[in-house]
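# Tertiary structure, described
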Amino acid sequence: MSNQDNERPAKPANQRSAARLAAVQALYQMDIGGTGVLEVVAEYEAHRLGQELDGETYLKADASWFRSIVAGVVREQTRLDPLIGSALQDDWALSRLDSTVRAILRAGTFELIDRKDVPVPVIVTEYVEIAHAFFEEDEPKLVNAVLDRIAKQVRGEAKK
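Computed from a prediction, not measured in an experiment: that's the story for all the values here.

## Remarks on the overall build of the protein chain
- In terms of helices and strands, the protein chain carries 7 helices and 2 strands.
- Traced from its N-terminal end to its C-terminal end, the protein chain shows the element sequence α-α-α-β-β-α-α-α-α.
- Burial statistics for the protein chain: of 160 residues in total, 42% are counted as buried.
- Relative to all contacts within the protein chain whose residues are 6 or more apart in sequence, the contacts with residues 24 or more apart total 68%.
- A total of about 9,100 Å² of accessible surface is found on the protein chain, and carbon and sulfur atoms cover 48% of it.

Listed below in structure tokens is the structure:
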């Protein structure tokens, strides 16, 4: 592969995927460290999205998509969490889930509610893929099932 191939701009869809992954990471960081939304968004935009950090080059991401997910989850969390809780199995509380899974579900649920222009299968698939990046066992299946239930609830029939 030549340098020219490496410098080819990322496709908009790939930039959205990178933005979703970064949003999940930022939401996780906020959940674990108590970092505020303005601080975490500024940090990601300055040092992570499309940047090199600790020898790792982060993918170029759609910064506005990233901001809308992170800010939207924070703004709508009191609406998102009950939706997610109702889509979990009866014996599971949202607080019992791994912080990364919570971040994935919150971001995915936000997009299902707020981004009606994005098809349900795209949203569900994207967040299941993110779950696969962090987990090998049951978590991706849980993300798929919960987001599918929420999609049916907020958008009517989901994947066909």
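## Structural notes on the confidence of the model for the protein chain
- Per-residue pLDDT for the protein chain averages 81, and the proportion of residues at 70 or more is 78%.
- The spread of mean pLDDT over the elements of the protein chain runs between helix 1 (residues 3-6), the lowest at 42, and helix 5 (residues 99-114), the highest at 96.
- Considering only residues more than four positions removed or in separate chains, one finds that residues 1-10, a stretch of pLDDT under 50, has 2 contacts.

## A word on helix 4 (residues 63-87)
- Its 25 residues give helix 4 an end-to-end C-alpha distance of only 30 Å, which falls more than 12% under 36 Å, the value for a rise of 1.5 Å per residue.
- By the largest-angle criterion, Q77 marks the main kink of helix 4, which is about 80°.
- Buried within helix 4 are the following residues: W65, F66, I69, V70, G72, V73, E76, L80, D81, L83, I84 and A87.

## Some remarks on the pattern of salt bridges
- For the coordinates displayed, the defined rule picks out 8 salt bridges.
- E126 is paired through a salt bridge with R20; the nearest N and O atoms lie 3.4 Å apart. Residue E126 is located in helix 6 (residues 120-134), and its partner R20 is located in helix 2 (residues 12-33); the two are separated by 106 residues in the primary sequence.
- What makes R20 buried here is its relative accessible area of 2%.
- Notably, a salt bridge pairs K152 with D148, separated by 3.2 Å at the nearest N-O pair. Separated by 4 residues within a single helix, K152 and D148 lie in helix 7 (residues 139-155), roughly one turn from each other.

## A closer look at the side chain of R106
- Topologically, R106 is positioned in helix 5.
- There is a polar contact of 2.8 Å between the side chain of R106 and the side chain of D81.
- Residue contacts for R106: discarding those within four places in its chain leaves D31, V73, Q77, L80, D81, I84 and L94.

So, how was this worked out
Residues numbered from 1 in each chain as written. Predicted model: local features only at pLDDT ≥ 70, side-chain atom pairs only at ≥ 80, totals over all residues. Heavy atoms only, no water. Helix = DSSP H or I, 4+ residues; strand = E, 2+ residues; numbered from the N terminus. Buried < 20%, exposed > 50% of the residue type's maximum accessible area, 1.4 Å probe, protein only. Contact = heavy atoms within 4.5 Å. Areas by Shrake-Rupley, 256 points an atom, 1.4 Å probe, with all protein chains shown as cover. pLDDT = per-residue confidence, 0-100. Expected span 1.5 Å × (residues − 1). Bend = angle between axes of the 7 residues up to and from the residue. Salt bridge = Lys/Arg side-chain N within 4 Å of Asp/Glu carboxyl O. Polar contact = N/O pair within 3.5 Å; in protein donor to acceptor, adjacent residues only side chain to side chain.

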